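Descriptive structure summary
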Amino acid sequence: MHLDVETLERAIHGEFEPGHRAAVERHLAACADCAARLGDARREEERILGLLEALDHEPPALDWSAVTRESRAGGPWRSLLAASLAFLVVAAGILYAIPGSSVRSFVASVLRDDPDPVAPPVVDGAVSGIAVVPGDPFEVAFAARQEAGRIRVILVSSDRLELRVQGDPVELESGLDRLAVSNAGSEAGYELRVPRSLGSLRVTVAGSTVFDKRGPGVRVPRSPDPSGAYLIDLQSAGT
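For every chain, the first residue of the written sequence is number 1, and numbering continues from 1 along that sequence. This being a predicted model, a pLDDT of at least 70 is required before a residue's local features are given, and a value of 80 or more before pairs of side-chain atoms are given or counted; all residues contribute to the totals for chains, interfaces and linings. As a convention, hydrogens and water are excluded, and side-chain values are obtained from all of the structure's heavy atoms.

A tally of regular secondary structure across the chain gives six helices and twelve strands. Residue exposure (1.4 Å probe, protein chains only): buried if accessible area is under 20% of the type maximum, exposed if over 50%, otherwise partly exposed. Per-residue burial over the chain gives 34% buried out of 239 residues. Contacts: residue pairs with any heavy atoms within 4.5 Å of one another. Long-range contacts, defined as pairs at least 24 residues apart, comprise 71% of the intrachain contacts of the chain with a sequence gap of at least 6. Each accessible area is a Shrake-Rupley estimate made with a 1.4 Å probe; only the visible protein chains count as cover when residues are assessed. Accessible surface computed for the chain: about 14100 Å², of which carbon and sulfur atoms make up 56%. The way it works is that DSSP assigns letters per residue, a run of H or I at least four long becomes a helix, a run of E at least two long becomes a strand, and they are numbered from the N terminus.

Salt bridge criterion: a side-chain nitrogen from Lys or Arg within 4 Å of a carboxyl oxygen from Asp or Glu. For the structure on display, the rule yields nine salt bridges. A salt bridge links Arg43 to Asp40; the shortest N-O distance between them is 2.3 Å. Note that Arg43 and Asp40 are positioned in helix α3 (residues 32–51) at a spacing of three residues, about one turn of the helix.

Ranked by size, the top nonpolar core spans 27 residues in total, and within it Val140, Phe142, Ile151, Tyr190, Leu192, Leu201 and Val203 carry the most contacts. Mapped by element, the contributors of at least two residues to this core are β3 (138–142), β4 (150–156), β5 (161–166), β7 (178–182), β8 (189–195), β9 (200–205), β10 (208–214) and β12 (230–233). Setting aside its immediate chain neighbours within four residues, Tyr190 contacts Phe142, Gln146, Arg150, Ile151, Arg152, Leu163, Arg164, Val165, Val170, Val181, Asn183 and Leu234. Among buried residues, those of type Ala, Val, Leu, Ile, Met, Phe, Trp, Tyr and Cys that are joined through side-chain atoms within 4.5 Å constitute a nonpolar core. Counting residues in each nonpolar core, the second largest holds eight residues, with Leu3, Ala11, Val24 and Leu28 among its members.

With five of six residues buried, β5 lies mostly within the body of the structure. One ladder, built from six bridges, connects strand β2 (residues 127–132) with β5; its direction is antiparallel. Bridge pairing in β5 links Val127 to Gln166. Bridging between β5 and β8 involves five bridges; their strand directions are antiparallel. Each bridged residue has a counterpart across the sheet, and for Arg164 the counterpart in β8 is Glu191. Pairing between strands is defined by DSSP: at least two bridges between the two strands are required.

What follows concerns the sheet that holds β7. Sheet strands associate in pairs through backbone hydrogen bonding, adopting either a parallel or an antiparallel arrangement. Taking strand neighbours across the sheet as the criterion, the six strands line up as β6-β7-β3-β9-β10-β11 in an open arrangement whose pairing is mixed. Strands with a single pairing partner mark the edges of an open sheet, and in this sheet they are β6 (171–174) and β11 (217–219). Within the sheet, the average angular offset between the axes of one strand and its neighbour, ignoring direction, is 10°. Relative to β10, β9 is paired through six bridges, and the arrangement is antiparallel. Bridge pairing in β10 places Ser200 opposite Arg214. Axis lines are fitted to C-alpha atoms, over the contacting stretch for helices. Their N-to-C directions set the angle, which ranges from 0 to 180 degrees.

What follows deals with unusual backbone geometry. Following Asp136, the chain continues to Pro137 via a peptide bond in cis, the omega torsion being 15°. Checked against the element boundaries, Pro137 lands in the loop between β2 and β3.

Looking at the secondary structure, you find Arg164 in strand β5. For Arg164, a relative accessible area of 19% puts it in the buried group.

Time to look at helix α1 (residues 5–13). Of the positions making up α1, those classed as buried are Glu6, Thr7, Leu8, Arg10 and Ala11. Positive phi shows up at Gly14, right after α1, with a value of about 65°.

Turning our attention to the confidence of the model for the chain. Note on scores: pLDDT gives the predictor's confidence for each residue, bounded by 0 and 100. In the predicted model, the chain carries a mean pLDDT of 75, and the fraction of residues at 70 or more is 64%. Mean pLDDT across the elements of the chain ranges from a minimum in helix α6 (residues 102–111), with 46, to a maximum in β3, with 97. The low-confidence segment residues 94–124, where pLDDT is below 50, has 36 contacts with residues more than four positions distant or belonging to other chains.

Here six strands make up an open sheet; going across it, the order is β1-β2-β5-β8-β4-β12 and the pairing mixed. Looking at which strands have only one partner, the edges of the open sheet turn out to be β1 (2–3) and β12. In terms of strand pairing, β4 meets β12 through four bridges, oriented antiparallel. Looking across to β12, one finds that Arg150 is bridged to Asp233.

Structure below.
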């Protein structure tokens, strides 16, 4: 189990509530891989800030008289284009400087040659999780019921199965046909993103099946909510 990209970014900028900060710091102290990824992320951000350092100054005054002279000389479109580009560069620098701006994630994704630089949704609290390409059939097995928390199951077009843990991290162990969630004593919430193309998926809690997908059909005790998500309460799951 490792921290996801959003959690690492929050750790860099100190954007956690005190309780969540402590949970992430404990994980980083025990997980050398996540600690190394955090160091890489910090160095990458320093590199990005260095590339954008040129924007950290007052924008130069635009010589409108020079623009007018060039327009009269037959170059109005070129002048307008240059002025527009200058404005956009300055605006991008301002947006990048805003804490939590999605421009930061977009720029970082481009510099990493990320083919899909889309910022993940912002979720309050500490978030960790795992993403795997599942075998078919596949099982997601929660070891125990919880006193609080629920599973939110969403069918997605991706070929990856993704489990997001909101709250204190839990131990996750994945294999070719199974993802085991050691959630005994936890009060975390979970979002499970399931590929629509997956032929067979079973979600179990303490050995009882609470979600069963067979081809396009889904068997679950509760109908989906208006957004299309299936909600499973972990207090009463499987009873």
